[in-house]
Amino acid sequence: MKIREQKFLNHSTFEDSKKPPSVWQAYDDTFIDKRVNSLLEFGVGNGQCLRRIKATFPDALVVGVDKRIGMGIQGVQLFECRQENTEKLDGYVGDMRFDVIIDDCAHQYDAARSCFEYCWDKLLNPGGYYCLEAWARQYGDNNCGTPFHQFIHELIDQMGEPVWRDYGGRSEFAYMGIWDHVAILQKHRETNGSQPSQ
């Protein structure tokens, strides 16, 4: 697929998307010069975000997963599944692998952590990006366990721990960027321990 020529923010026909403009800006800043051949989003909602993504990357494989899906989206594969149900998810996606995975789903620690660990190891391509949206929010009642933002703190610790423990050590993540509504992590392009090419 060609590197895209248009930005997410130029799609003014998708005004009812519930993502804040800062999320789309973060995606523009991160993906402006990247090839995106496949994208998976957890949390379909009203479908407008996936429509915008498909319009921005018309030739990409685009997949949406949510616990309930009440519509179809042209050119997008949709699966009904809770994000933490990795066994069911595995049955749906099979051998699919993704350049970008967006978690805009439960926004709860346990579900997000389980989904991240499964997807990072099994579904995210080398060099791919994992995006955690609304990381500062906690959905559900006040008794829903560990706050979602705690997961971001743990990822920051994972990013820095090998570097300070062993000067010159390598983090599990090639890149981590944090905006007010989204955290974006990049996987290394290779897994053999050598430094990624720039």
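Computed from a predicted model, the values in this text were never measured in an experiment.

**Notes on the packing of aromatic side chains**
Within the structure shown, the criterion is met by 10 aromatic pairs. Judged by centre distance (5.7 Å) and plane angle (35°), the ring pair of Y27 and F31 falls under tilted. Here Y27 pairs with F31, and both are found in helix α1 (residues 21-31), just four residues apart, close to one helical turn. With a centroid separation of 5.5 Å and 75° between ring planes, the pair formed by F116 and F151 is classed as edge-to-face.

**Considering the sheet that holds strand β6 (residues 173-178)**
Pairing in this open sheet of seven strands is mixed, and the strands run β3-β2-β1-β4-β5-β7-β6 from one edge to the other. Every interior strand has two partners, whereas the edge strands, β3 (76-80) and β6, have only one. Averaged over all adjacent pairs, the angle separating strand axes in this sheet is 15°, with direction ignored. Across five bridges, the pairing between strand β1 (residues 38-42) and strand β2 (residues 61-66) is parallel. When the bridges of β2 are listed, F42 appears paired with V65.

**Regarding the pairing of β2**
For a regular strand, the rule is simple: side chains alternate between the two faces of the sheet. In terms of residue burial, β2 counts as a mostly covered element, since five of its six residues are buried. Between β1 and its parallel partner β2, the chain crosses via helix α2 (residues 48-56), and the hand of that crossover is right-handed. Bridge count for β2 against β3 is five bridges, and the pairing is parallel. Bridge pairing in β3 links D66 to E80.

**Some thoughts on the confidence of the model for the protein chain**
Mean pLDDT over the protein chain: 80, with 77% of residues reaching 70 or higher. When mean pLDDT is compared element by element in the protein chain, strand β4 (residues 98-103) scores highest at 96, while helix α5 (residues 148-165) scores lowest at 73. Note that residues 192-198 has pLDDT below 50 and, in this model, nine contacts with residues that lie over four places away or in other chains.

**Some remarks on the pairing of strand β5 (residues 124-133)**
Counting buried residues in β5 gives eight out of 10 residues, a clear majority hidden from the surface. When β4 meets β5, the two strands line up parallel, connected through five bridges. Paired with I101 across the two strands is Y130, which belongs to β5. Once the chain exits β4 it traverses helix α4 (residues 109-122) before rejoining the sheet at β5, and the crossover so formed is right-handed. Where β5 meets strand β7 (residues 182-187), five bridges bridge the pair, whose relative direction is antiparallel. Bridged to Y130 within β7 is L185.

**Notes on the pattern of salt bridges**
All chains considered together, the criterion is met by five salt bridges. When the shortest N-O distance is used, the salt bridge between R113 and E117 registers 2.9 Å. With R113 and E117 both in helix α4, this residue pair falls four residues apart, about one helical turn. Given a relative accessible area of 18%, R113 falls into the buried group. Residue class for E117 comes out partly exposed when judged on its relative accessible area of 40%. Here E154 makes a salt bridge to R113, at a shortest N to O gap of 2.6 Å. In this pair, E154 is assigned in helix α5 and R113 in helix α4, connecting sequence segments 41 residues apart. E154 sits in the partly exposed class, given a relative accessible area of 22%. In this structure, a network of salt bridges that share partners links the residues R113, E117 and E154.

Reading the values: rules and limits
Residues numbered from 1 in each chain as written. Predicted model: local features only at pLDDT ≥ 70, side-chain atom pairs only at ≥ 80, totals over all residues. Heavy atoms only, no water. Phe/Tyr/Trp six-rings, centres within 6.5 Å; stacked < 30°, edge-to-face > 60°. Helix = DSSP H or I, 4+ residues; strand = E, 2+ residues; numbered from the N terminus. Pairing = 2+ DSSP bridges. Axes fitted to C-alpha atoms, helices over the stretch in contact; angles between N-to-C directions. Buried < 20%, exposed > 50% of the residue type's maximum accessible area, 1.4 Å probe, protein only. Right-handed = clockwise from strand over helix to strand, strands pointing away. pLDDT = per-residue confidence, 0-100. Contact = heavy atoms within 4.5 Å. Salt bridge = Lys/Arg side-chain N within 4 Å of Asp/Glu carboxyl O.

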